[in-house]
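What follows is each chain in one-letter form.
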Amino acid sequence: MSGLIKIGHRGACGYEPENTLKSFERAIELKVDMIEFDVMQCASGEIVVIHDETVDRTTNGHGLVSDLTLSDLKKLDAGDGEHIPTLYEVLDLVDRRCKVNIELKGDQIAQKVNLIIEGYVKKGWSYDDFLVSSFDFNEIREFQKYNNQVQTELLFYEPADYFKIAQEYNCNIIGLDMSLVNQEIITNAHAHNIKVFVYTVNDFKDIEFLKNLGVDGIFSNYPDKLL
Ligand code: G3P
Ligand code: MG
């Protein structure tokens with residue numbers, strides 16, 4: 001993959017309900033290189049694709065994802081009649097048409113997510129089809145215990161010693177909030193052989209600015225704006 005990596009944030013959530021199959025299909029139609037989505041574990045143990053710890057903001061239900069079974073979750077409307085998908089359902093829909101960036105949101109799900117990835121690799125996917133990211137660096141370390149073939153991305157929402165931490169965690173991709181990015185960071189990252197992805201960028205002017213800085217990837221709710 002060369003040039004700017006165009007990443008559909010929660011699919012194409014500026015156009016369709018976030019983290020739903022409809023949103024992922026739309027992102028693929030809009031020619032993303034990669035879709036990003038958030039995963040956690042529900043009460044019955046399945047890995048489901050949802051951003052918040054509760055279902056309140058994105059569905060017509062209430063409560064913690066960790067207190068609800070898959071059958072409870074499937075009854076909810078996640079927007080436009082869409083349902084909260086499982087990780088399996090998303091990977092089946094994607095079917096290698098773009099790469100997937102799986103953001104680990106819940107605790108202690110790394111092993112389970114890895115087992116799912118391994119299952120798809122056995123079915124013909126490549127490790128390179130996946131990227132695993134998290135703000136929780138312990139989860140990244142945990143994931144790396146099970147899998148050293150899938151690339152991992154450390155996410156930052158505040159200033160930090162990015163390159164030292166990236167080295168410590170053996171990651172060559174960092175994901176930075178737009179407010180953290182400047183030319184010095186990008187130049188330094190590249191000098192350290194680290195790629196920088198930037199979230200979540202929806203404004204044409206910001207996209208242009210970041211392209212000029214030479215960032216490696218951009219997450220957008222409107223991925224067609226990245227073309
Ligand atoms: O991976 C980038 C972005 O998804 C991180 O923030 O809160 O949208 O998951 P959030
Ligand atoms: Mg995310």
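Everything here concerns the structure above.
Report follows, based on the coordinates. (Residues numbered from 1 in each chain as written. Chains lettered and ligands numbered in written order. Predicted model: local features only at pLDDT ≥ 70, side-chain atom pairs only at ≥ 80, totals over all residues. Heavy atoms only, no water.)

This next bit is on the nonpolar core. The biggest cluster of nonpolar side chains holds 59 residues, and the ones touching the most others in it are Ile35, Phe37, Val39, Ile102 and Phe130. Ranked by residue count, the leading element in this core is helix α4 (residues 110-122), at six residues. Sequence-distant contacts of Ile35, that is, excluding residues within four places in its chain, are made with Ile7, Gly8, Phe24, Ala27, Val90, Val94, Cys98, Lys99, Val100 and Asn101. Met40, Cys42, Ile50 and Val55 belong to the second-largest nonpolar core, a separate cluster that totals 12 residues. (Core = buried A, V, L, I, M, F, W, Y, C linked by side-chain atoms within 4.5 Å. Buried < 20%, exposed > 50% of the residue type's maximum accessible area, 1.4 Å probe, protein only. Helix = DSSP H or I, 4+ residues; strand = E, 2+ residues; numbered from the N terminus. Contact = heavy atoms within 4.5 Å.)

Attention now goes to the site of ligand 1. Neighbouring ligand 1 are His9, Arg10, Glu36, Asp38, His51, Glu103, Lys105, Phe135, Leu155, Tyr199 and Phe219. A distance of 2.8 Å separates an oxygen atom of ligand 1 from a polar atom in the side chain of Arg10. Contacts to ligand 1 include Glu36, whose side-chain N or O atom sits 2.7 Å from an oxygen atom. For ligand 1, the accessible surface in isolation is 290 Å², of which the surrounding protein chains cover 91%. Tallied by class, residues from the shell around ligand 1 come to four nonpolar, two polar and five charged. (Near = heavy atom within 4 Å. Polar contact = N/O pair within 3.5 Å; in protein donor to acceptor, adjacent residues only side chain to side chain. Areas by Shrake-Rupley, 256 points an atom, 1.4 Å probe, with all protein chains shown as cover. Nonpolar A, V, L, I, M, F, W, Y, C, P; charged D, E, K, R; others polar.)

This next bit is on the coordination of the magnesium ion (ligand 2). Ideal geometry at a metal centre gives angles of 109.5 degrees when four donors are arranged tetrahedrally and 90 or 180 degrees when six donors are arranged octahedrally. Distances from the magnesium ion (ligand 2) to its protein donors, Glu36 (OE), Asp38 (OD) and Glu103 (OE), fall within 2.0 to 2.1 Å. Along the chain, the residues donating to the magnesium ion (ligand 2) fall in the pattern E-x1-D-x64-E. Of this pair, Glu36 sits in strand β2 (residues 34-41) while Glu103 sits in strand β4 (residues 99-104), placing them 67 residues apart in sequence. Take Glu36 and Glu103: they sit in the same class, and that class is buried. (Donors = N, O, S within 2.8 Å, 3.2 Å for Na, K, Ca; no water.)

Under the definition given, this model contains zero disulfides. Left without a disulfide partner, Cys98 is nearest to the cysteine sulfur of Cys13, which lies 15 Å away. (Disulfide = S-S within 2.5 Å.)

Now for the packing of aromatic side chains. Inspection of every chain in the model, using the stated rule, returns 13 aromatic pairs. By the ring-pair criterion, three or more aromatic residues cluster together here, those being Phe135, Tyr157, Phe197, Tyr199 and Phe219. Here the basic side chain of Lys225 rests over the ring of Phe204, its NZ or CZ set 5.2 Å away from the ring centre. When the ring centre of Tyr222 is taken as reference, the NZ or CZ atom of Lys225 above it lies at 4.7 Å. (Phe/Tyr/Trp six-rings, centres within 6.5 Å; stacked < 30°, edge-to-face > 60°. Lys NZ or Arg CZ within 6 Å of the ring centre and 35° of its normal.)

Next up on the list: helix α5 (residues 137-146). For α5, every residue scored as buried is listed here: Phe137, Glu139, Ile140, Phe143 and Gln144. Along the axis of α5, the buried residues cluster in a sector spanning 155 degrees; they form a single face. α5 presents Asn138 and Lys145 as exposed residues on the side facing more than 90 degrees away from its buried surface. Its buried side turned inward, α5 meets β4, α4, β5 (130-134), β6 (151-156) and α6 (162-168). (Arc of directions from axis to C-beta.)

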